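A structural walkthrough
Next come the chains, spelled out residue by residue.
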Amino acid sequence: MARHGARLLRVARRYGRNEHDAHDIVQEALLRASQNLHTFRRESALGTWLYRLVANSGYDFAHHRHLREVAALDDGRTAPDADIRLAYEPLSGIDTRLALQSALSHLHPDQAAALVLIDAAGYSVAHVAEWAGVQPGTVKSRRARAKAALRELMRNE
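Since the structure is predicted, the reported quantities are computational estimates derived from the model, not experimental observations.

1. Here we look at a nonpolar patch on the surface
Together, Leu 91, Ile 94 and Leu 98 make up an exposed nonpolar region whose accessible area comes to about 290 Å². Relative to the assigned elements, Ile 94 resides in helix α4 (residues 94-106). By relative accessible area, which is 35% here, Ile 94 ends up partly exposed.

2. Let's talk about the nonpolar core
Of all hydrophobic cores here, the largest spans 16 residues; its most connected members are Ala 12, Trp 49, Leu 50, Leu 53 and Val 54. When residues of this core are traced back to their parent elements, those giving at least two are α1 (5-13), α2 (19-36) and α3 (46-63). Considering each element in turn, this core owes the most residues, 6 residues, to α3.

3. What about the packing of helix α5 (residues 109-120) against helix α6 (residues 125-132)?
In the contact formed by α5 and α6, the axes pass within 10 Å of each other and the chain directions differ by 145 degrees. In this structure, α5 meets α6 at a crossing whose hand is right-handed. Residues Ala 114, Leu 117 and Ile 118 of α5 form the contact with α6, whose participating residues are Val 125, Val 128 and Trp 131. Considering only residue class, the contact of α5 with α6 consists of 6 nonpolar, no polar and no charged.

Conventions and cut-offs
- Here the residue numbering is sequential within each chain, running from 1 through the sequence in written order.
- In view of the model being predicted, local features appear only for residues whose pLDDT reaches at least 70, and side-chain atom pairs are presented and counted only at 80 or more, with totals across whole chains, interfaces and linings using the full set of residues.
- Side-chain figures throughout are based on the complete set of non-hydrogen atoms in the structure, without hydrogens or water.
- Each patch groups residues whose relative accessible area exceeds 30% and which form no salt bridge, using 9 Å between like charges and 5 Å between nonpolar side chains of Val, Leu, Ile, Met, Phe, Trp and Tyr.
- Surface accessibility in these figures is a Shrake-Rupley result with a 1.4 Å probe; residues are shielded only by whichever protein chains are displayed.
- When a carboxyl oxygen of Asp or Glu is within 4 Å of a side-chain nitrogen of Lys or Arg, the pair counts as a salt bridge.
- Only DSSP runs of H or I reaching four residues or more are called helices, and only runs of E reaching two or more are called strands; each is numbered from the N terminus.
- Residue exposure (1.4 Å probe, protein chains only): buried if accessible area is under 20% of the type maximum, exposed if over 50%, otherwise partly exposed.
- The term nonpolar core refers to a set of buried residues drawn from Ala, Val, Leu, Ile, Met, Phe, Trp, Tyr and Cys, joined through side-chain atoms within 4.5 Å.
- In this analysis an axis means a line fitted to C-alpha atoms, helices contributing only their contacting stretch, and an angle means the value between N-to-C directions, from 0 to 180 degrees.
- Whether a crossing is left-handed or right-handed is set by the direction in which the near helix is turned from the far one by less than a right angle, anticlockwise for left-handed and clockwise for right-handed.
- By definition in these notes, contact holds between two residues if any of their heavy atoms fall within 4.5 Å.
- Under the convention adopted here, Pro, Cys and the residues Ala, Val, Leu, Ile, Met, Phe, Trp and Tyr are nonpolar, Asp, Glu, Lys and Arg are charged, and Gly plus all remaining residues are polar.

Pasting the structure below:
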């Protein structure tokens, strides 16, 4: 990319409507190149082969729009603050997740396992009891103790 990127982008700009389209075209061509590198016969320079792949990807982009996936979130009909799908913030709540992870590490392993397997992973009490080799009542009490301890630990965080 460092060697041929500028030239490839120039070619892609001929087919795309904007800079984002050009980058998508180049990305598609480089994906094809990575998947088909074994077919490169070295009869021409690598740059020529990549140029041809970008040109082909650009042609496909420009002439086969009906076959392309449409990014509904980018169509401009929905305001970014009105669509919940655009509001995802991967770092929101990270402090709570870190505090929860720390608190879970302070629990007895049997209690933590019961709590996580039932409440986070969705296993039934019977399944967890069978897995742990104990009675279902034991799993229920471990889970109840874990919840109480976790509540206390989270309050102190």
